[in-house]
Amino acid sequence: MTHAMLKGSNVPLNATAVRAVLRWTPGAGVPDVDASALLVGPDGRVRSDEDFVFYNQPRHPSGLVRHLPKTRLPDALTDTIEAELTPLDASVARVVLAASSDGGPFAGVHDLRVLLYDAAADGAEPLAVFDVVPDTGEETALICGELYRRGDGWKFRALGQGYESGLVGLATEFGISVDETDGDGAAMGADGTDPAHDERPAPSTADAPSPEASAAQPPEPGPTTAVERPADDAPAGGAPVPAPAGPVSPPPGAWPEEAGAPPAGGPRTDPEAVTQHVPDRMPEPFSAAPLPPAPTGGYGYPANVPPPPSQPPAGPAAGYPGPPPQPPLYPPQQPPAPAYGYPAPLTPQPFAPDPSFVLPPQGPQFQRR
């Protein structure tokens, strides 16, 4: 059964040896394509330059990974990498399957795909097929896929990650020493390096350099961090502020004993900085025995003032009869009987006019003639 792979997908492999066939459609102006393989350790880099298998170094020293000659088909060209997975050394974590273009970027390569076969089963259908589509088209090197360990077995992952720096940049990314003798990368994998032709492409975001490579390079000095004073503390004219000559007291809240530890330099010399003093209470003035309050009849009124005499009710004006008596609205009710042990309520007495009351003298207009 053939698995149609998508970018980023993976499939387990039951074969102990595989054959990865890179296939594309040739034509006028179509760049030539070359297949290659890199034996990578757990750190993502090759163990030596011999772990790079390509057209100028077609066989790994172990003989387990090989680059086969190109084959022309009626409608396609192929370039093949074979790998025996089971006997590979345990220090090899991945076998990266790559492709590079010669004569232009991959935008001019048509129908590029990887077909993965079981190397022990000739004539069988492929185990997996992956159509490689570059992201931008300006790539001149592509990681088509990788064979990687998973437990005791192996799996294949489809990638399609591109580089615009060609085969030289891809090899350098994985730690290969490159020596370009004729300007087109014809000699690669040698121990010597020509500084005039050594290309160092920009690092890829997918494959980070290993910790060993980072430790080998001296760290670059970082920018010096300057502490600037606030604008309101800066002196006039922009002159630098000299550092204080004596010891500087820490800001409030920075004393060690406030965090539960004793001060390092003994007690503080300025207790006013952290202690708030409350002034002593003033002595109370001498006071004699209190005077008795003056007897008053109430606020603002003199005491012991007899009440005013009662005035008789005003009668009708002279010469005018008084108002007729009004019958009560409600008939008088008998007062309730007193409770046992309590006196009876007082009964209001009816009003009786004063017999000694006389009218004032009448004016001349009311006297008889």
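Here, the structure is the one placed above.
## Here's the deal with the pattern of salt bridges
Piece 1. Per the stated rule, a full pass over the model turns up twelve salt bridges.
Piece 2. The partner of Asp32 in a salt bridge is Lys70, and the shortest N-O contact between them spans 2.6 Å. Placement of Asp32 in strand β4 (residues 32–40) and of Lys70 in strand β6 (residues 65–72) is noted, with a sequence separation of 38 residues between them.
Piece 3. Among the ionic contacts, a cluster of salt bridges with common partners joins Arg19, Arg66, Glu82 and Glu84.

## Considerations on the environment of Ala15
Piece 1. When you line up the elements, Ala15 lands in the loop between β2 (10–13) and β3 (17–25).
Piece 2. Placed 104 residues apart in sequence, Ala15 and Ala119 show a C-alpha to C-alpha distance of 7.8 Å.
Piece 3. Those residues in contact with Ala15 that sit more than four places away from it in its chain are Leu85, Asp118 and Leu127.

## Comments concerning unusual backbone geometry
Most peptide bonds take the trans form, and the phi angle of most residues other than glycine is negative.
Piece 1. Positive phi values are uncommon outside glycine, yet Asp111 reaches one of about 60°.
Piece 2. By the element assignment, Asp111 lies in strand β9 (residues 110–118).

## A few points about the sheet that holds strand β1 (residues 3–5)
The strands making up a sheet associate through backbone hydrogen bonding, with each pair oriented either parallel or antiparallel.
Piece 1. As summarised here, the arrangement of the six strands in space is β1-β10-β9-β3-β7-β6, forming an open sheet in which the pairing is mixed. Each edge of the sheet is formed by a strand with only one pairing partner; in this case those strands are β1 and β6. Averaged over all adjacent pairs, the angle separating strand axes in this sheet is 20°, with direction ignored.
Piece 2. Note that β9 and strand β10 (residues 128–131) share four bridges and pair antiparallel. Within β10, the residue paired with Leu116 across the bridge is Ala128.

## Description of the sheet that holds strand β12 (residues 153–163)
Piece 1. Spatial ordering of the open sheet is given by β2-β12-β11-β8-β4-β5, a layout of six strands whose pairing is antiparallel. The open sheet has two edge strands with one neighbour each: β2 and β5 (52–53).
Piece 2. In this fold helix α1 (residues 166–173) packs onto β4, β5, β8 (94–102), β11 (141–150) and β12, with an angle of close to 30° to the strand it touches most, β11.

## Considering the nonpolar core
Piece 1. Judged by nonpolar contacts, the single largest core of 38 residues is most densely connected at Leu88, Leu147 and Phe156.
Piece 2. Look past the residues within four positions of Leu147 in its chain and what remains in contact with it is Leu13, Val18, Leu85, Ala93, Arg94, Val95, Leu97, Leu116, Trp154, Lys155 and Phe156.
Piece 3. Counting 17 residues, the second-largest nonpolar core is a separate cluster that includes Val40, Val46, Val96 and Ile176.

## Remarks on the environment of Val33
Piece 1. Summarising the element assignment, Val33 is placed in strand β4.
Piece 2. For Val33, a relative accessible area of 0% gives the class buried.
Piece 3. Considered as a pair, Val33 and Phe106 are 73 residues apart in the sequence and their alpha carbons are 8.8 Å apart.
Piece 4. Residues within four places of Val33 in sequence aside, it is in contact with Leu22, Trp24, Lys70, Asp79, Ala99, Ser100, Phe106 and Val109.

## Remarks on the environment of Ser165
Piece 1. When you line up the elements, Ser165 lands in the loop between β12 and α1.
Piece 2. Residue Ser165 is classed as partly exposed on the basis of its relative accessible area of 25%.
Piece 3. Sequence-wise, Ser165 and Ser100 are 65 residues apart; in three dimensions their C-alpha atoms are separated by 9.8 Å.

## Regarding α1
Piece 1. Among the eight residues of α1, eight are classified as buried, and the element is accordingly described as predominantly covered.
Piece 2. Along its buried surface, α1 packs onto β4, β5, β8, β11 and β12.
Piece 3. A positive phi of about 90° marks Gly175, the residue just after α1.

## Quick word on the side chain of Gln57
Piece 1. If you trace the backbone, Gln57 turns up in the loop between β5 and β6.
Piece 2. Looking at Gln57, its side chain comes within polar contact range of the main-chain oxygen of Asp49, at 3.2 Å.

## Examining the pairing of β3
Piece 1. Counted residue by residue, β3 has seven buried out of nine residues, so it is predominantly covered.
Piece 2. As defined by bridge partners, β3 adjoins strand β7 (residues 77–84) across eight bridges and the pair is classed as antiparallel. Directly across from Leu22, in β7, lies its bridge partner Asp79.
Piece 3. Across seven bridges, β3 lies against β9 in antiparallel orientation. Counted as the bridge partner of Thr25 is His110 from β9.

## Some remarks on the pairing of β4
Piece 1. In terms of residue burial, β4 counts as a mostly covered element, since eight of its nine residues are buried.
Piece 2. Two strands pair when backbone bridges link them, and β4 and β8 are joined in this way by nine bridges, in the antiparallel orientation. Bridging across to β8, Val40 finds its partner in Arg94.

Rules behind the numbers
Residues numbered from 1 in each chain as written. Predicted model: local features only at pLDDT ≥ 70, side-chain atom pairs only at ≥ 80, totals over all residues. Heavy atoms only, no water. Salt bridge = Lys/Arg side-chain N within 4 Å of Asp/Glu carboxyl O. Helix = DSSP H or I, 4+ residues; strand = E, 2+ residues; numbered from the N terminus. Contact = heavy atoms within 4.5 Å. Pairing = 2+ DSSP bridges. Axes fitted to C-alpha atoms, helices over the stretch in contact; angles between N-to-C directions. Core = buried A, V, L, I, M, F, W, Y, C linked by side-chain atoms within 4.5 Å. Buried < 20%, exposed > 50% of the residue type's maximum accessible area, 1.4 Å probe, protein only. Polar contact = N/O pair within 3.5 Å; in protein donor to acceptor, adjacent residues only side chain to side chain.

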